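# Structural overview
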Amino acid sequence: MAKFPTLFQTPKEPKVLITTSINSTLHDQAHLLTTLFPNSKYIRRSAHRFSHKFSVREIAKFSSNRGYTTLIVLMEDQKKPCGLDVVHLPEGPHFHFSVSNWVEGKKLPGHGNPTNHYPELILNNFRTPLGLLTAHLFRGIFPPQPEFEGRQVLTFHNQRDYIFVRRHRYVFRDRREREKQVVDASGKPMKGAEEIRTGLQELGPRFTLKLRRIDRGVQRISGQEWEWKAGMEKQRTRFQL
């Protein structure tokens, strides 16, 4: 909190700017991210010979002057998402994630269609100081007051330093005859939930994040005071998040 005080202060109205690497072809995937993050806007990043190749530091400065609180850059490799850079505006930190197992919602069996409601946020298993820093980064992207009528839940689940991102819609229904009753920790049926069950429908997209580097400012510069990079710890069996 002493190093990044603004990161631990949730903004009242988060505003996200989404862009891609230069001359990227991931326009559909970037538009999917606008449905995942509320109050977000996607702007193409072109490198035409008559245009100026803006750097991430310049884009972060422009977006901060226009009231954006977070900058997200989607990276590409062989026309597939390979990385996700998240910059907390105005002065960082800058998180570098690798992306794997990207699956769009329309390719999921029995998928649903998302709505514009603010989702409920679940941050699971972020226990270390580095994990808490990463969890507060995700928390600052979403509005602090979810809209429960949408019944949408976005989960960031950390397991062995891999962050699994899933989005679901839940629905309450009646218990079927063959289903068991809900029990508490003592094994007794829970009162008030005898005939109620919860069903989940995945909305997508689903993907997995892996934290690779954290820069104190926007992008890495020489002489910066603090940074974290994967592989710095000598003990390889220790999980960082």
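All of these numbers come straight from a predicted model, not from anything done at the bench. (Residues numbered from 1 in each chain as written. Predicted model: local features only at pLDDT ≥ 70, side-chain atom pairs only at ≥ 80, totals over all residues. Heavy atoms only, no water.)

### Things to note about the overall build of the protein
Of the regular secondary structure elements, the protein holds three helices and 11 strands. In sequence order, the secondary structure elements of the protein are arranged as β-α-β-α-β-β-β-β-α-β-β-β-β-β. When its C-alpha atoms are laid out on the principal axes, the protein stretches across 65 × 40 × 35 Å. For the protein, with 241 residues in total, the buried portion stands at 43%. (Helix = DSSP H or I, 4+ residues; strand = E, 2+ residues; numbered from the N terminus. Buried < 20%, exposed > 50% of the residue type's maximum accessible area, 1.4 Å probe, protein only.)

### Section: empty space enclosed by the protein
The gaps of empty space that remain are located by a probe, the size of a water molecule, rolled over the atoms. Within the structure shown, the criterion is met by one cavity of 30 Å³ or more. Lining the largest cavity we find Phe 37, Leu 84, Val 86, Phe 138, Ile 141, Phe 156 and Leu 209. Of the residues belonging to the lining of the largest cavity, the class tally is seven nonpolar, no polar and no charged. (1 Å grid on protein atoms, 1.4 Å probe; cavity = no way out; pocket = protein on both sides within 12 Å on 5 of 7 lines; lining within 4 Å. Points joined across faces, edges and corners; volume = space filled by probe spheres on them. Nonpolar A, V, L, I, M, F, W, Y, C, P; charged D, E, K, R; others polar.)

### Regarding the pattern of salt bridges
Applying the stated criterion to the full structure yields three salt bridges. Between Glu 202 and Arg 206 there is a salt bridge, with its nearest N and O atoms 2.6 Å apart. Since its relative accessible area comes to 14%, Glu 202 is described here as buried. A residue is classified by how much of its surface remains accessible, and Arg 206, at 27% relative accessible area, is partly exposed. When the shortest N-O distance is used, the salt bridge between Asp 215 and Arg 213 registers 3.1 Å. Exposure remark for Arg 213: the relative accessible area of 23% places this residue in the partly exposed category. (Salt bridge = Lys/Arg side-chain N within 4 Å of Asp/Glu carboxyl O.)

### Comments concerning the nonpolar core
Leu 84, Phe 97 and Leu 209 are the most contacted members of the largest nonpolar core, which totals 36 residues. With five residues, the top contributor of residues to this core is helix H3 (residues 129–139). Ile 59, Tyr 68, Leu 71 and Val 73 belong to the second-largest nonpolar core, a separate cluster that totals 10 residues. (Core = buried A, V, L, I, M, F, W, Y, C linked by side-chain atoms within 4.5 Å.)

### Some details on H3
Across the 11 residues of H3, eight count as buried, placing the element largely inside the fold. The set of residues buried in H3 consists of Leu 130, Gly 131, Leu 133, Thr 134, Ala 135, His 136, Leu 137 and Phe 138.

### What to know about helix H2 (residues 56–65)
Of the positions making up H2, those classed as buried are Val 56, Ile 59, Ala 60 and Ser 63. Projected down its long axis, H2 shows its buried positions confined to an angular sector of 100°, all on one face. Residues Lys 61 and Asn 65 are exposed on H2 and point more than 90 degrees away from its buried face. Buried residues in H2 make contact with strand S1 (16–20), strand S3 (70–77), strand S4 (80–88) and strand S5 (94–103). (Arc of directions from axis to C-beta. Contact = heavy atoms within 4.5 Å.)

### Looking at the packing of aromatic side chains
A full pass over the atoms with the stated rule returns eight aromatic pairs. Ring geometry for Phe 138 against Phe 156: centres 4.3 Å apart, planes inclined by 15°, an arrangement best described as stacked. Remark: Phe 156 occurs in strand S7 (residues 152–159) and Phe 138 occurs in helix H3; sequence separation between them is 18 residues. A relative accessible area of 3% places Phe 138 in the buried class. Look at Phe 156 and you get buried, because its relative accessible area is 2%. (Phe/Tyr/Trp six-rings, centres within 6.5 Å; stacked < 30°, edge-to-face > 60°.)

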